[in-house]
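Fold and geometry: a report
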Amino acid sequence: MAFKKVVVAGGGVLGSQIAFQAAYCGFDVTVWLRSEGSIGRTQPKIDKLLSTYMEAIDQMADGSGPWCAGIADSDAPLDANACRDRVKKAYYGLTLELDMAKAVEDADLVIESMSEDPKAKVDFYEKLAPLMPEKTVLATNSSTLLPSQFAKCTGRPAKYVALHFANSIWKNNTAEVMGHAGTDSAVFDQMLEFANQIRMIALPVRKEKNGYLLNSMLVPFLLSGLDLWASGVSDPKSIDIAWEHGTGAPKGPFRIIDTVGLATAYNIVLQFQSVPGLLNPLFKKMMLPYNYKAMARLLKDMIDRGESFY
């Protein structure tokens, strides 16, 4: 079955991007949000994506910026006007909805894109399960958690997978697809196809792995930077400069944390803080003596003050 109606649950950094990209690629997209306050936080992200896509198209057209494979193929002449029309259609076609039942009515695919809080995800799945049509496939955009942790509470374990994106998906166009032991192989293949349909490079992850592909490498990197800061070794900007100038990378750990959101980084730190290092699946071989309590305290203080690193 080909997907037509896509629902994204959550309008955060990646949730808004997934919704916009799917709409850009012609899908009927609804974003489900918890409250009016969530709409107030999500709509500016959608507005920003409109200008971001338009600017990216302009830069591809005049050669002043990088090619964004999530927007157009590099092996064909760019039809900038057609791309702009698709952006406008995506922007005005997106629906923001507070009523969960109304949002998922007749949905072919629901993509949960909420913070890395297991309890919040379980609560969401248990409320969602009786509302989804039988046909609906459910995916999580979790960046570190395994689908097997939540499969039973979804009410449809055979139709439940992980679908993880890199940030700035219009240019960093990868999508990792990871099932669990009970995922139907046809559903797994269907998700790979959907990833391709929204102009992502579909990356099959054929064995459950905390951190998937990207975050198995990224999370230890971010925690290393946070530990240098939390332990008083240096300040965030100096740590970033050491990485950026030393490797030629465009962003150090704290610029990346600003991009993905301090709340996401905070929730990841809490996961590691709550599990002894030797038992933690990401670090059981590394045995790194990170100061998780200090990391969590510093991040929480910044979140409470509404601050970012830059």
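Structural data are supplied above this passage.
Residues numbered from 1 in each chain as written. Predicted model: local features only at pLDDT ≥ 70, side-chain atom pairs only at ≥ 80, totals over all residues. Heavy atoms only, no water.

Some thoughts on the overall build of the protein chain
The condition is simple: Secondary structure follows DSSP: runs of H or I at least 4 residues long count as helices, runs of E at least 2 residues long count as strands, and numbering of each begins at the N terminus. The quantity called the radius of gyration is restricted to C-alpha atoms. Its globule counterpart is 2.2 Å times the number of residues to the power 0.38. With a 1.4 Å probe rolled over the protein chains alone, any residue whose accessible area is under 20% of its type maximum counts as buried; one over 50% counts as exposed, and the rest are partly exposed.
Helices and strands together make up the secondary structure of the protein chain, namely 11 helices and eight strands. Computed over C-alpha atoms, the radius of gyration of the protein chain comes to 19 Å, within 12% of the 19 Å expected from 2.2 N^0.38 for 310 residues, which places it in the range of a compact globule. Seen through its principal axes, the protein chain has C-alpha atoms that stretch 50 × 50 × 40 Å. In the protein chain, which comprises 310 residues, the share counted as buried stands at 51%.

With respect to the environment of glutamine 149
Let me state the cut-off plainly: Contacts described as polar in this section are N or O atom pairs within 3.5 Å, which, within protein, must combine one atom able to donate a hydrogen with one able to accept it, while residues neighboring in sequence count only if both atoms come from side chains.
Here glutamine 149 lies in the loop between β5 (137-140) and β6 (160-165). You can call glutamine 149 partly exposed: its relative accessible area is 41%. In sequence terms glutamine 149 and histidine 180 are 31 residues apart; their C-alpha atoms lie 9.2 Å from each other. Of the polar contacts made by the side chain of glutamine 149, one reaches the backbone nitrogen of leucine 146; its length is 2.8 Å.

Comments concerning the nonpolar core
Nonpolar side chains in soluble globular proteins tend to end up buried together. Rules: The set of buried Ala, Val, Leu, Ile, Met, Phe, Trp, Tyr and Cys residues whose side-chain atoms join them within 4.5 Å is what this entry labels a nonpolar core. We call two residues contacting when some pair of their heavy atoms lies within 4.5 Å.
In this structure, Ile71, Met191 and Phe194 are the most contacted members of the largest nonpolar core, which totals 52 residues. The leading source of residues in this core is helix α2 (residues 36-62), at eight residues. Not counting chain neighbours up to four residues away, the residues in contact with methionine 191 comprise Phe3, Leu109, Val137, Ala139, Val161, Leu163 and Val177. Counting residues in each nonpolar core, the second largest holds 26 residues, with Leu222, Phe254, Val269 and Tyr290 among its members.

Describing the environment of leucine 14
For leucine 14, the position within the fold is in helix α1 (residues 13-24). It is 8.2 Å that separates the C-alpha atoms of leucine 14 and alanine 166, two residues lying 152 residues apart in sequence. Setting aside chain neighbours within four positions, we find leucine 14 in contact with Ser113, Asn141, Phe165, Ala166, Asn167 and Ile169.

Some details on the side chain of glutamine 21
By secondary structure assignment, the location of glutamine 21 is in helix α1. Residue classification places glutamine 21 among the buried residues on the basis of a relative accessible area of 0%. Ignoring anything within four residues of it in the chain, the contact list for glutamine 21 reads Tyr53, Gly70, Ile169, Trp170, Ile198, Arg199 and Met200.

Thoughts on the pairing of β6
For a regular strand, side chains alternate in direction, first toward one face of the sheet and then toward the other. This is how the line gets drawn: Strand pairing is assigned whenever DSSP identifies at least 2 bridges connecting the two strands.
Most of β6 sits inside the fold, with six of its six residues counted as buried. Covered by surrounding structure in β6 are Tyr160, Ala162 and His164 together with Val161, Leu163 and Phe165, the residues of both alternating faces. Both β6 and strand β7 (residues 174-178) contribute to a ladder of four bridges, which runs antiparallel. Residue pairing in the sheet places phenylalanine 165 in a bridge with alanine 175 of β7.

Brief notes about the packing of aromatic side chains
Just so we agree on the cut-off: Any two rings among Phe, Tyr and Trp, with Trp reduced to its six-membered ring, count as a pair given centres within 6.5 Å; such a pair is stacked if its planes are under 30 degrees apart, edge-to-face if over 60, and tilted if neither. Whether a charge sits over a ring depends on NZ of Lys or CZ of Arg being within 6 Å of the ring centre and within 35 degrees of the ring normal.
Applying the stated criterion to the full structure yields 15 aromatic pairs. Centroid distance tyrosine 53 to tryptophan 170: 5.6 Å. Interplanar angle 50 degrees. Geometry classified as tilted. Here tryptophan 170 lies in the loop between β6 and β7 and tyrosine 53 lies in helix α2, a separation of 117 residues in the sequence. For the pair tryptophan 229 and phenylalanine 309, a centre-to-centre distance of 5.2 Å together with 80 degrees between the ring planes defines the contact as edge-to-face. Residue tryptophan 229 is located in helix α7 (residues 214-230), and its partner phenylalanine 309 is located in the segment after α11 (292-305); the two are separated by 80 residues in the primary sequence. According to the relative accessible area criterion, phenylalanine 309 is buried, its value standing at 11%. These aromatic residues form a ring-pair network of at least three members: Trp32, Phe124, Tyr125, Phe150 and Tyr160. Taking the ring centre of tyrosine 24 as reference, the NZ or CZ of arginine 86 above it sits at 4.4 Å.

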